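Observations on the model geometry
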Amino acid sequence: MASHFEDSSFLTGANEAYVTELYARFLNDPGAVGADWVEFFGQLDGSAKEFLREQDGASWSPRETSVLGCGNGGMSMSDATAGVAAPAYSSAQPVPAAAQIRQATTDSIRALMLIRNYRVRGHLHANLDPLGLVEPPSHADLEPATYGFSEADMDRPIFINYVLGLETASLRQIVRVLEETYCGNIGVEYMHIQVPEEKSWIQERIEGLRTQGSFSELGKRAILERLTEAETFEKYLDRKHKGTKRFGLDGGEAVVPAIEQILKRGTQLGFEELLIGMPHRGRLNILANIMNKPYRAIFSEFAGNPSAPEDSYGSGDVKYHLGTSSDREFHGRTIHLSLVANPSHLEAVNTVILGKVRAKQRQRGDVDREKVVGLLLHGDAAFPGQGIVPETFDLSQLHGYQTGGTIHFIVNNQIGFTTNPSQSRSSPYCSDVAKMVSAPIFHVNGDDVEACVHVARIATEYRQKFKKDVVIDLWCYRRHGHNEGDEPAFTQPLMYQTIAKHPTTRQIYADRLEAEGVIENGEADRMIDRLRKEMDQDFEASASYKPNKTDWLEGKWEGLGMATGEARRGDTAVDMDVLREIGQAISVVPANFNANSKIIRQLETKARMFESGQDIDWATGEALAFGALLVESTQVRLSGEDCRRGTFSQRHAVLIDQKTDEPYIPLNKIRFGQAPFEVIDSPLSEFGVLGFEYGYSSAEPHALVMWEAQFGDFANGAQVIIDQFISSGEQKWRRMNGLVMLLPHGYEGQGPEHSSARLERYLQLCGDDNLQVCNLTTPANYFHALRRQVHRNFRKPLILMTPKSLLRHKRCVSRLDEFGPGTTFHRVLWDDAQLTGGLQPDKNIRRVVLCAGKVYFDLLEERERRGIDDIYLMRVEQLYPLPRKALLEELGRFIKADVVWCQEESENMGAWTFIDRRLENLMVELKMPALRPRYVGRPGSAAPATGLMKRHLKEQKALVDEALTLPAKPKTRKVLRKAK
Ligand SMILES: Cc1ncc(C[n+]2csc(CCOP(=O)(O)OP(=O)(O)O)c2C)c(N)n1
């Protein structure tokens, strides 16, 4: 292979002298050379000077006229390597060091370059694939010839100044150490890390032990035992339930001892709680052998029995999605483990775990984020394939979301269902996406279980020391098909021929320990026999096994219960003096705070609201809800894109000093001892952030946790979290959740993409009392809706269509006393005009127009403009659960009226298809002659709204007009007779 040095090298000919001299200059004055040379030469530092001085007794000093020319200290490496700037060496000048110094120096430099490149790329030559099917690629940077070394040079001593622990060594020796360290069964990627301290920490850990773990005999036996448990469990299930789906770990058994190491080392380093998110692969094995779920419980589920008591509520879920928790003890310290339930959607659980970790860190006062830690297991196809993975990394170091680093563990079985790696990613490694946060990555051969345990230990220590994400990429294989009923030879015949002949990881390790004399002949088989007996006993016991409890209302959830009753108002009113106290906090800034002039005007307007007790707008109603919870010691957390200011510049929860950029958060200044208000501008992510807040909320039922979409339609980027967690989690996993989703919604001529939060989608998900879906019209009702989230003894997700133009609508306001004593949330709002005499009595009302949200104000204003007094506007503030009783009562007042459902959304969208039959049922029950509601709104359409303002206005006018236009009154008989 041609070396770069032969054609464009900067270490041959004149450039050799040039670099030699550059090095000498550096020794004399590091500032005299460019920064990249400094870094490079840094590795030769003080001792190298001595080395030079020792040569022939020469005391070297820089020449006045040198090969570098004058004042060329800033020469960069690339200048030199490009060969553009290096002046020719003048042989007429005296060379201060003899040719041998030059030789020795260039040898050192070239050897160091080789060493550096092994650190960067040695992993490419590592022996990672247990099946030996993946040929490590050859790479020129790892060939001595590339640096101008020939075979003849291999045994010449080279000074390398204790790099790799060697002072002077032959190249042959150096390469051997490098191969051992970087190209064994572990391949480490860490040279992309930007923080020198982290990089050198890993380097020391790797080079110190040459990437070999050192295990005591006891440790080795423990590893074998874990491995035996992992293998025997799968084999046992395979024997008892041949072909039944279990997504076995077979081929990746080393995962179990490696995780065991994370627990053990982690506990020593301060872990008190570990939250695990993982896919289906190997889940049952983790449940049994890491979480210590009794074998009998798992065997009972295999026999088709439920995982919870028979009479438990909910739909349940398949056994390889279920979560559990347990306590384990290591060295007298207890660690609480939670394996979180997850849906089939790979990787979707990632940020849910992060949110839970963050909430639990707060609960434990874990400010250093070292007691509660997240562990995420991944598949090699899912990790690069699913977009949630980079979103997860993106959250890892952000102030509002950081959890002190997640340990990522890729169970890299080199296949995804039937798809080969070459079809499932463009990157060389499945782990490459982790480089976006400069995470160190440990690739390891899953058949070298000690290497796996060793990297698990380094990864755990790295996480705990640097509080950052770290990745283990454990290369293994999948012994069976994607699930146990699948035939893998259909698609990967050669791979599976190799697998069929390949001994198990346990067998390989048992043989090794036997050869080492750690275990006796036959001892490994006895371990298996012992376990089989234990499993036989549990198998028998599983026939009568009855799960005796569900764990869903324990810990922080204690005291909460199932939702019952219809109105479920909660006690949400707040004393007037507390409201005023909050009002004061949110309408003034400290004297030394330089507020923006427009903000000052807004604050003055706010102050007037509280003085008059009138015209409380939406954002102020919201601030009152937050503030009242905070003074009641309830934590409030809101995150979403630009939500500190608010997409519509309405919230201003954080004010920025115009001279210093310092933030000021009024809601954190209500009173001493209040709970904290956390309001976070999220990264531009929906899936990841919504998952995070869902996770946070599921771990902390006593906080108000909210996610806000920039516009409601963007929430569809988080559809998996909505479908798989928010709407169905309680039924599938008996996990309640009180998350609030704030979704700006309303037809205001902003085009197809900013009008609809897709209300219809949420309504279609409603069933089993799983959600609350509201489209509110008053700040006071918004206030009560938010407060009731934490003021009742159950938790339900709240999906809120939130306003845009109504944020500044002069009629979308409430009085201060509507937040005060005696007030509550209303699921249906009646027509205020009737109270002020603007409407006929009930019996004369000819039409009831039911609606929700913003269209109410369009209808109200037009009705007033037209002076109509026999059309009643009834607002359905809560669409699900539909307030049946309240609607029966209210509609019952207008038996003879016709009923219109008016919406601004298209007929195939909005609430119509949801409410149509439900309203009809109510009307039938009330025996209303009109029998059915009539639809008034935009006709069905593909795009939610028009992009043309003129057309929007025309459409809006038409639907309001239709809703308010009554059929002509039937002519009386007398008139008819006259007409004849
Ligand atoms: C989001 C998503 N898409 C598709 C699937 C269907 N599916 C289940 S497992 C699997 C292959 C996963 O491969 P990998 O991540 O390598 O894990 P392995 O099963 O090999 O352990 C696929 C495509 C899924 N569960 N989730």
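Residues numbered from 1 in each chain as written. Predicted model: local features only at pLDDT ≥ 70, side-chain atom pairs only at ≥ 80, totals over all residues. Heavy atoms only, no water.

Digging into the overall build of the chain
This is how it is decided: Where helices and strands are cited, they refer to DSSP runs of H or I of at least four residues and of E of at least two residues respectively, numbered from the N terminus. Think of it in three bands: with a 1.4 Å probe and only protein chains considered, a residue is buried below 20% of the maximum accessible area for its type, exposed above 50%, and partly exposed in between. Whether two residues are in contact is decided by their heavy atoms, any of which lying within 4.5 Å being enough. In these tables, accessible area is a Shrake-Rupley quantity obtained with a 1.4 Å probe, and a residue counts as shielded only by the protein chains included in the view.
Helices and strands together make up the secondary structure of the chain, namely 33 helices and 24 strands. Counting every position in the chain, which comprises 980 residues, the buried fraction comes to 59%. Excluding contacts between residues fewer than 6 apart, the proportion of contacts in the chain whose partners are at least 24 apart in sequence is 80%. As presented, the chain carries roughly 39800 Å² of accessible surface, and 49% of it is formed by carbon and sulfur atoms.

What to know about a negative patch on the surface
Our working rule: Grouping into patches uses exposed residues only, defined as over 30% relative accessible area, and leaves out salt-bridged ones; the cut-off is 9 Å for like charges and 5 Å for nonpolar side chains (Val, Leu, Ile, Met, Phe, Trp, Tyr). Think of a salt bridge as a Lys or Arg side-chain nitrogen and an Asp or Glu carboxyl oxygen that are within 4 Å of each other. For this count, His and the chain ends are skipped, Lys and Arg are scored as positive, and Asp and Glu as negative. We put the charge of a Lys on NZ, of an Arg on CZ, of an Asp on CG and of a Glu on CD.
Together, Asp511, Glu514, Asp525 and Asp529 give the surface a local cluster of negative charge. Of all the elements in the fold, those that place two or more residues in the negative patch are helix H19 (505-516) and helix H20 (523-542). Here Asp525 is to be found in helix H20. Taking relative accessible area as the criterion, Asp525 reaches 46% and is therefore assigned partly exposed.

Things to note about unusual backbone geometry
Omega for the bond connecting Tyr880 with Pro881 falls within 30 degrees of zero, at -10 degrees, which places this linkage in the cis form. Following the sequence through the fold, Pro881 ends up in the loop between strand E22 (878-880) and helix H30 (884-891). Positive phi, normally seen in glycine, also occurs at Phe247, with a value near 50 degrees. Mapped onto the elements of the fold, Phe247 is located in the loop between helix H9 (217-240) and helix H10 (255-268). On the basis of relative accessibility, which here comes to 7%, the residue Phe247 falls in the buried class.

Regarding the site of the ligand
Cut-off, in case you're wondering: If even one non-hydrogen atom of a residue comes within 4 Å of a molecule or strand, that residue is called near it. Between N or O atoms, a polar contact is any pair within 3.5 Å; within protein, one atom must be a potential hydrogen donor and the other a potential acceptor, and residues adjacent in sequence are included only when both atoms are from side chains. Residue polarity is assigned by list, with Asp, Glu, Lys and Arg as charged and Ala, Val, Leu, Ile, Met, Phe, Trp, Tyr, Cys and Pro as nonpolar; anything else, Gly included, falls into the polar class.
In the vicinity of the ligand lie 15 residues, with Arg281, Ser344, Asp380, Ala382 and Ile415 positioned nearest. A distance of 2.9 Å separates a nitrogen atom of the ligand from a polar atom in the backbone of Ser344. Contacts to the ligand include Asp380, whose side-chain N or O atom sits 2.8 Å from an oxygen atom. When the free accessible area of the ligand is taken as 570 Å², the share hidden by the protein chains comes to 76%. Looking at the shell around the ligand residue by residue, the classes come out as five nonpolar, eight polar and two charged.

Things to note about helix H22 (residues 597-612)
Here is the rule we go by: To estimate the expected span of a helix, subtract one from its residue number and multiply by 1.5 Å. Note: the arc covers the axis-to-C-beta directions of the helix.
Its 16 residues give H22 an end-to-end C-alpha distance of 23 Å, which sits within 8% of 22 Å, the value for a rise of 1.5 Å per residue. Looking at H22, one finds that the buried residues are Ile599, Leu603, Lys606, Met609 and Phe610. Looking straight down H22, one finds that the buried residues subtend no more than 110 degrees of arc, so they occupy a single side. Those residues of H22 that are exposed and aimed more than 90 degrees away from the buried face are Lys598, Arg601 and Glu611. Buried residues along H22 sit against helix H21 (576-587), helix H23 (618-631) and strand E12 (655-656). Among the residues of H22, the N-terminal cap falls to Asn596, whose side-chain oxygen and the backbone nitrogen of Lys598 are separated by 2.7 Å.

Considerations on the pairing of strand E18 (residues 798-802)
Here is the rule we go by: Strand pairing is assigned whenever DSSP identifies at least 2 bridges connecting the two strands.
Burial analysis of E18 places five of its five residues in the buried class, the great majority of the element. Bridge analysis of strand E16 (residues 740-744) against E18 gives five bridges, and the strand direction is parallel. Residue pairing for E18: Val740 is matched across the bridge by Leu798. As defined by bridge partners, strand E17 (residues 772-775) adjoins E18 across four bridges and the pair is classed as parallel. In the strand pairing of E18, Asn775 is matched with Met801.

Brief notes about the sheet that holds E16
Formally: Axis lines are fitted to C-alpha atoms, over the contacting stretch for helices. Their N-to-C directions set the angle, which ranges from 0 to 180 degrees.
Pairing is mixed in the open sheet, where seven strands are placed in the order E14-E11-E15-E16-E18-E17-E22. Two strands in the sheet have a free side with no partner beyond their single neighbour: strand E14 (677-681) and E22. Here the average twist between neighbouring strands, direction ignored, is 20 degrees. The sheet strands contacting helix H24 (residues 687-699) are strand E11 (636-640), E14, strand E15 (704-708) and E16, and the helix crosses E15 at an angle near 170 degrees.

Looking at the packing of aromatic side chains
Convention followed: Pairing of aromatic rings covers Phe, Tyr and the six-membered ring of Trp, with a centre-to-centre limit of 6.5 Å; geometry is then stacked below 30 degrees between planes, edge-to-face above 60, and tilted otherwise. Definition used: whenever NZ (Lys) or CZ (Arg) falls within 6 Å of the ring centre and also within 35 degrees of the ring normal, the charge is taken to sit over that ring.
Scanning all chains against the criterion turns up 23 aromatic pairs. Aromatic pair Tyr182 and Tyr190: ring centres 6.3 Å apart, planes at 10 degrees, arrangement stacked. Relative accessible area serves as the criterion here: at 0%, Tyr182 is assigned to the buried category. Every member of this aromatic cluster is reached through a ring pair, and the members are Phe233, Tyr236, Tyr295, Phe299 and Phe539. Taking the ring centre of Phe825 as reference, the NZ or CZ of Arg788 above it sits at 4.0 Å. A cation over a ring is seen here: Arg918 above Phe914, with NZ or CZ 3.9 Å from the ring centre.

What about the packing of H23 against helix H28 (residues 779-788)?
Test applied: For classification purposes, an angle smaller than 35 degrees is called roughly parallel, one larger than 145 roughly antiparallel, one from 65 to 115 roughly perpendicular, and anything else oblique. For any helix crossing, the convention is left-handed if the near helix is rotated counterclockwise from the far helix by under a right angle, and right-handed if that rotation is clockwise.
Axis separation between H23 and H28 bottoms out at 8 Å; the angle between their running directions is 30 degrees. Considering their axes alone, H23 and H28 lie roughly parallel with respect to each other. Read as a crossing pair, H23 and H28 show a hand that is right-handed. Across from Trp618, Gly621, Glu622, Leu624, Ala625, Phe626, Ala628 and Leu629 in H23, the residues of H28 making contact are Pro779, Tyr782, Phe783, Leu786 and Arg787. Residues belonging to the contact of H23 with H28 are distributed by class as follows: ten nonpolar, one polar and two charged.

Description of the pairing of strand E9 (residues 441-445)
Counting buried residues along E9, five of its five residues qualify, which places the element largely inside the surrounding structure. Neither face of E9 is exposed, since Ile441, His443 and Asn445 on one face and Phe442 and Val444 on the opposite face are all buried. One ladder, built from four bridges, connects strand E3 (residues 186-189) with E9; its direction is antiparallel. Bridge pairing in E9 places Gly187 opposite His443. Both E9 and strand E10 (residues 470-475) contribute to a ladder of five bridges, which runs parallel. Across the sheet, the residue bridging to Phe442 is Ile472, located in E10.

Remarks on the sheet that holds strand E20 (residues 847-851)
Spatially, five strands are ordered E19-E21-E20-E23-E24 in an open sheet, and the strand pairing comes out mixed. Each edge of the open sheet is held by one strand with a lone partner, namely strand E19 (828-829) and strand E24 (934-938). Pairing analysis gives two bridges linking E19 to strand E21 (residues 871-876), with the strands arranged antiparallel. Note on E21: the bridge partner recorded for Val828 is Val876. Docked against the sheet, helix H29 (residues 855-866) engages E20, E21 and strand E23 (898-906), running at close to 165 degrees with respect to E21. Of the strands in this sheet, E19, E20, E21 and E23 are in contact with H30, which crosses E21 at around 175 degrees.

A short note on the packing of H9 against H10
At a minimum axis distance of 8 Å, the contact between H9 and H10 shows a crossing angle of 130 degrees. By the angle class used here, H9 and H10 are oblique. Two packed elements cross with a definite hand, and for H9 against H10 that hand is right-handed. Across the interface between the two elements, Ile223, Arg226, Leu227 and Ala230 of H9 pack against Val256, Pro257 and Glu260 of H10. Tallied by class, residues from the contact of H9 with H10 come to five nonpolar, no polar and two charged.

Here we look at the environment of Ile290
Mapped onto the secondary structure, Ile290 falls in the loop between helix H11 (283-289) and helix H12 (295-302). Excluding residues that lie within four positions of it along the chain, Ile290 makes contacts with Val256, Ile259, Glu260, Leu263, Asn285, Arg328 and Leu337.

So, helix H13 (residues 350-363)
In this model, H13 (14 residues) spans 20 Å end to end at C-alpha, consistent with the 20 Å of a helix rising 1.5 Å per residue. In terms of residue burial, H13 counts as a mostly covered element, since twelve of its 14 residues are buried. If you check which residues of H13 are buried, you get Asn350, Thr351, Val352, Ile353, Leu354, Gly355, Lys356, Val357, Arg358, Ala359, Lys360 and Gln361. Of the residues flanking the end of H13, it is Gly365, one or two places downstream, whose phi is positive at about 65 degrees.

A closer look at the confidence of the model for the chain
Convention followed: Per-residue confidence from the predictor is reported as pLDDT, a score between 0 and 100.
Confidence in the prediction of the chain, expressed as mean pLDDT, is 89, and 88% of residues score 70 or more. In this model, residues 1-16 is a region of pLDDT below 50 whose contacts with residues beyond four sequence positions or in other chains number 37 contacts. When the criterion is pLDDT under 50, residues 45-97 qualifies, and its contacts beyond four places in sequence or with other chains add up to 84 contacts.

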